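Observations on the model geometry
So the chains spell out like this:
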Amino acid sequence: MRKPDGKIVLLGDMNVGKTSLLQRYMERRFPDTVSTVGGAFYLKQWRSFNISIWDTAGREQFHGLGSMYCRGAAAVILTYDVNHPQSLLELEDRFLGLTETASNNCLFAIVGNKVDLAMEWATEGGEKEGEASGKAGGCVSSKVPKQVQLEDAMALYKKILKYKMLDEREMPSAERMCFETSAKTGYNVDLLFETLFDMVVPMIARQRAEEPSQTVDISSCKTPKQTRSGCCT
Ligand SMILES: Nc1nc2c(ncn2[C@@H]2O[C@H](COP(=O)(O)OP(=O)(O)OP(=O)(O)O)[C@@H](O)[C@H]2O)c(=O)[nH]1
Ligand SMILES: [Mg+2]
């Protein structure tokens, strides 16, 4: 199997839905999940590139592994639960530091999952969206007001660019990189992953073009002169 050309990593607190998002996208379903131990990855072919998408454990006890999974990552998906403000704070307090090992021009997406549980989603017609994918989000009465607004995620995105000393003018806008999703209904899940694939592939192609070619052009090598004793110099 060819080494993946690029890597995307999902980070975030336990229970925010990292595994569910990845399984919704790769397996087109919303299965029961158990809390992730360590990490696992899927391989996705996008155009002519192989992208590995790494799911990581949010539990504190696996925290140290996060920077290993982030090594060389082209994009990091920082995931929170729109119904739990603490899960957004954790991204800055606990997870951002793990991304030091990611590539210098690593992209950051901020993803607020479980939007189907938020009241606004139901009234903004998200309910219909849920029905479209055959999974209505349930009656409005079971909803709670969304606790984390998209503006909060965009503010964090801008903070991350500053923290990484990246020029906002050269990076994708916060509007483009902040998503609200539901792994349960599928809402915005394809949009999230495929937006990132489309952004990561040109970066990989550029990186490949800049790498010294692995093959040696022997035609340019001079033929070694033979000494009297028959050794080459
Ligand atoms: N309603 C709803 N439930 C979700 C959604 N995504 C995940 N869940 C549920 O939330 C729980 C945790 O989901 P996981 O995908 O295991 O969360 P995780 O972030 O991978 O958790 P760790 O592996 O412990 O880090 C499970 O019961 C999921 O079914 C969603 O979009 N909407
Ligand atoms: Mg998981």
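Residues numbered from 1 in each chain as written. Chains lettered and ligands numbered in written order. Predicted model: local features only at pLDDT ≥ 70, side-chain atom pairs only at ≥ 80, totals over all residues. Heavy atoms only, no water.

1. Thoughts on the environment of A174
Basically, it comes down to this: Each helix is a run of DSSP H or I of at least 4 residues and each strand a run of E of at least 2, with the numbering of both proceeding from the N terminus. A 1.4 Å probe rolled over the protein chains alone gives each residue an accessible area, and that area as a share of the maximum for its type sets the label: buried under 20%, exposed over 50%, partly exposed in between. In this description, contact between two residues means that some pair of their heavy atoms is separated by no more than 4.5 Å.
Inspection of the secondary structure assignment puts A174 in helix α6 (residues 174-177). When its relative accessible area of 4% is taken as the criterion, A174 is described as buried. The spacing of A174 and L156 is 18 residues in sequence and 9.0 Å in space, taken between C-alpha atoms. Ignoring any residue separated from it by four or fewer positions in sequence, one finds A174 in contact with M154, Y157 and K158.

2. Here's the deal with the sheet that holds strand β4 (residues 75-81)
Our working definition: Pairing between strands requires that DSSP locate at least two bridges from one strand to the other. For every element, the axis is a line fit to its C-alpha atoms; helices are fit only across the contacting stretch, and the angle between N-to-C directions ranges from 0 to 180 degrees.
Read across the sheet, six strands follow the order β2-β3-β1-β4-β5-β6 without closing on themselves; strand pairing throughout is mixed. Looking along the sheet, the strands with just one partner apiece sit at the ends: β2 (39-46) and β6 (178-180). Direction aside, the axes of adjacent strands within the sheet are offset by 20° on average. Across seven bridges, β4 lies against strand β5 (residues 107-113) in parallel orientation. Looking at the pairing, A75 lines up with L107 of β5.

3. Re the coordination of the magnesium ion (ligand 2)
The condition is simple: Keep in mind that water is not among the atoms, so a site may look incomplete; donors are the N, O and S atoms within 2.8 Å of the metal, or 3.2 Å for Na, K and Ca.
Protein coordination at the magnesium ion (ligand 2) comes from T19 (OG1) and T36 (OG1), with a distance range of 2.0 Å. Of the two residues, T19 is situated in helix α1 (residues 18-27) and T36 in the loop between α1 and β2; the sequence distance between them amounts to 17 residues. For T36, a relative accessible area of 15% translates into the label buried.

4. Topic: the nonpolar core
Stated precisely, the cut-off is as follows: Take the buried Ala, Val, Leu, Ile, Met, Phe, Trp, Tyr and Cys residues and link them wherever side-chain atoms come within 4.5 Å; each set so joined is a nonpolar core.
Formed by 59 residues in total, the largest nonpolar core has its most connected members in I8, L78, I110, Y157, F193 and L196. Looking at this core, the element that brings in the most residues is helix α7 (residues 189-210), giving ten residues. Those residues in contact with L78 that sit more than four places away from it in its chain are L11, L91, F95, F108, A109, I110, V111 and I160.

5. So, unusual backbone geometry
Backbone geometry at R47 places phi at a positive 55°, although glycine is not the residue there. For R47, the location among the structural elements is in the loop between β2 and β3 (49-56). If you check the backbone angles, N188 has positive phi at about 70° while not being a glycine. Note that N188 resides in the loop between β6 and α7.

6. Description of the site of ligand 1
Test applied: Residue proximity to a molecule or strand is established when one non-hydrogen atom of the residue lies within 4 Å of it. Side-chain atoms alone can form a polar contact between residues adjacent in sequence; in general such a contact is a pair of N or O atoms within 3.5 Å, and within protein one must be able to donate a hydrogen while the other accepts it. Computed with a 1.4 Å probe, the accessible areas rest on the Shrake-Rupley method; for each residue, only the protein chains presented here act as cover. Each residue receives one of three labels: charged for Asp, Glu, Lys and Arg, nonpolar for Ala, Val, Leu, Ile, Met, Phe, Trp, Tyr, Cys and Pro, and polar for the others, Gly being one of them.
Near ligand 1 lie 21 residues; those nearest to it are K18, S20, T33, S35 and T36. Between T33 and ligand 1, the recorded distance is 2.7 Å, taken from a side-chain N or O atom to an oxygen atom. At a separation of 2.8 Å, an oxygen atom of ligand 1 approaches a polar backbone atom of G58. Burial of ligand 1 by the protein chains amounts to 87% of its free accessible area of 650 Å². Per-element tally for the shell around ligand 1: the top contributor is α1, with three residues. The residue makeup of the shell around ligand 1, split by class, is six nonpolar, ten polar and five charged.

7. Quick word on the packing of aromatic side chains
Operational definition: Note on ring pairs: Phe, Tyr and Trp rings are taken, using the six-membered ring of Trp, and paired if centres are within 6.5 Å. Classes follow the plane angle, with under 30 degrees stacked, over 60 edge-to-face and the rest tilted.
Enumeration over the complete set of coordinates arrives at six aromatic pairs. Note on Y25 and F197: the rings are 5.8 Å apart at their centroids and 65° apart in plane angle, and the pair reads as edge-to-face. Of this pair, Y25 sits in helix α1 while F197 sits in helix α7, and the two are 172 residues apart along the sequence. Seen from their ring centres, W46 and F197 are 5.2 Å apart, and the 50° between their planes marks the pair as tilted. Placement of W46 in strand β2 and of F197 in helix α7 is noted, with a sequence separation of 151 residues between them. For W46, a relative accessible area of 13% puts it in the buried group. A residue is classified by how much of its surface remains accessible, and F197, at 0% relative accessible area, is buried. These aromatic residues form a ring-pair network of at least three members: Y25, W46, F193 and F197.

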